[in-house]
Amino acid sequence: MATYTAKTNGAAETLESFSEADIETLEYESAEAGIESQLEENLESVSFESVAEDVEAYMEGDLERRPPSRSVIKRLTKIFTALVKNTVKKITSNPKTRAKLQAACRKGPDAVTTLLTPIITKTLPTYFRWMSAIFVPPIVARLFPAICKRCWVEIR
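Since the structure is predicted, the reported quantities are computational estimates derived from the model, not experimental observations. (Residues numbered from 1 in each chain as written. Predicted model: local features only at pLDDT ≥ 70, side-chain atom pairs only at ≥ 80, totals over all residues. Heavy atoms only, no water.)

Can you walk me through the packing of helix α6 (residues 109-123) against helix α7 (residues 132-150) in this structure?
Axis angle and axis distance: for two packed helices, these are the angle between their axes and the distance between the axes, and together they describe the pair. Where α6 meets α7, the closest approach of the two axes is 9 Å, and the angle between their N-to-C directions is 130 degrees. Judged by the angle between their axes, α6 and α7 are oblique. Considering only the axes of α6 and α7, their crossing is right-handed. Facing Pro109, Val112, Thr113, Leu116, Thr117, Ile120 and Thr121 of α6, the residues of α7 in contact are Ser132, Val136, Pro137, Val140, Ala141, Phe144 and Ile147. Across the contact of α6 with α7, the residue classes tally to 10 nonpolar, four polar and no charged. (Axes fitted to C-alpha atoms, helices over the stretch in contact; angles between N-to-C directions. Helix = DSSP H or I, 4+ residues; strand = E, 2+ residues; numbered from the N terminus. Parallel < 35°, antiparallel > 145°, perpendicular 65-115°, else oblique. Left-handed = near helix turned anticlockwise from the far one by under 90°. Contact = heavy atoms within 4.5 Å. Nonpolar A, V, L, I, M, F, W, Y, C, P; charged D, E, K, R; others polar.)

Structure (structure tokens):
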């Protein structure tokens, strides 16, 4: 099990991440086997346009080169939003992993990002793993209140 130190609001906080066994128990479907159908079934309530705007603003501020076209950003946002939502759903279905997500929610969006990014990265093909560091933080920040509500943590 890995332990990370996150700095939020000037204070160093220790965050316990999932072990390899915990990640393996979450049982992911491969990207080829169902992301397309899951996008339409599970993400009806998410406004992809607003999430895409946030991701685009994030990328424009942090990348020196010309950002990808809006359609590419919108498509990747849909895929990574589905991955984040499915990861949260799998985590909250297991009491042991749900407790870790609850602890991360109490610490803030940075802690949740630190917890989810390695899990999502592991589900991607090797040549796409770098993308999770770009897309997961702004999506988690945008979905943070819904994630906390999903695992029964009240944010203040």
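Before we go on, may I ask you to explain the environment of methionine 131 in this structure?
Position of methionine 131 relative to the elements: it lies in the loop between α6 and α7. C-alpha of methionine 131 to C-alpha of leucine 76: the two residues are 55 residues apart in sequence and 9.1 Å apart in space. Other than its neighbours up to four places away in sequence, methionine 131 contacts Leu76 and Phe80.

Would you take a moment to explain α6 for this structure?
Over its 15 residues, α6 extends 21 Å from the first C-alpha to the last, a length consistent with the 21 Å expected when each residue adds 1.5 Å. If you check which residues of α6 are buried, you get Ala111, Val112, Thr113, Leu115, Leu116, Thr117, Ile119, Ile120 and Thr121. (Expected span 1.5 Å × (residues − 1). Buried < 20%, exposed > 50% of the residue type's maximum accessible area, 1.4 Å probe, protein only.)

Whenever I open this one, unusual backbone geometry confuses me. Can you help?
The phi angle of most residues is negative, glycine excepted, and most peptide bonds adopt the trans form. Of note in this structure, tryptophan 152 is not a glycine but carries a positive phi near 60 degrees. Relative to the helices and strands, tryptophan 152 is located in the segment after α7. We classify tryptophan 152 as exposed; its relative accessible area is 62%.

Sorry if this is basic, but what is going on with the packing of aromatic side chains here?
When we look at a pair of aromatic rings, we describe it by the centre distance and by the angle of the planes. The final tally for this structure, using the stated rule, is two aromatic pairs. Taken together, a centroid distance of 5.2 Å and an interplanar angle of 10 degrees make the contact between phenylalanine 80 and phenylalanine 135 stacked. Residue phenylalanine 80 is located in helix α4 (residues 70-92), and its partner phenylalanine 135 is located in helix α7; the two are separated by 55 residues in the primary sequence. By relative accessible area, phenylalanine 135 is classed as buried at 2%. (Phe/Tyr/Trp six-rings, centres within 6.5 Å; stacked < 30°, edge-to-face > 60°.)

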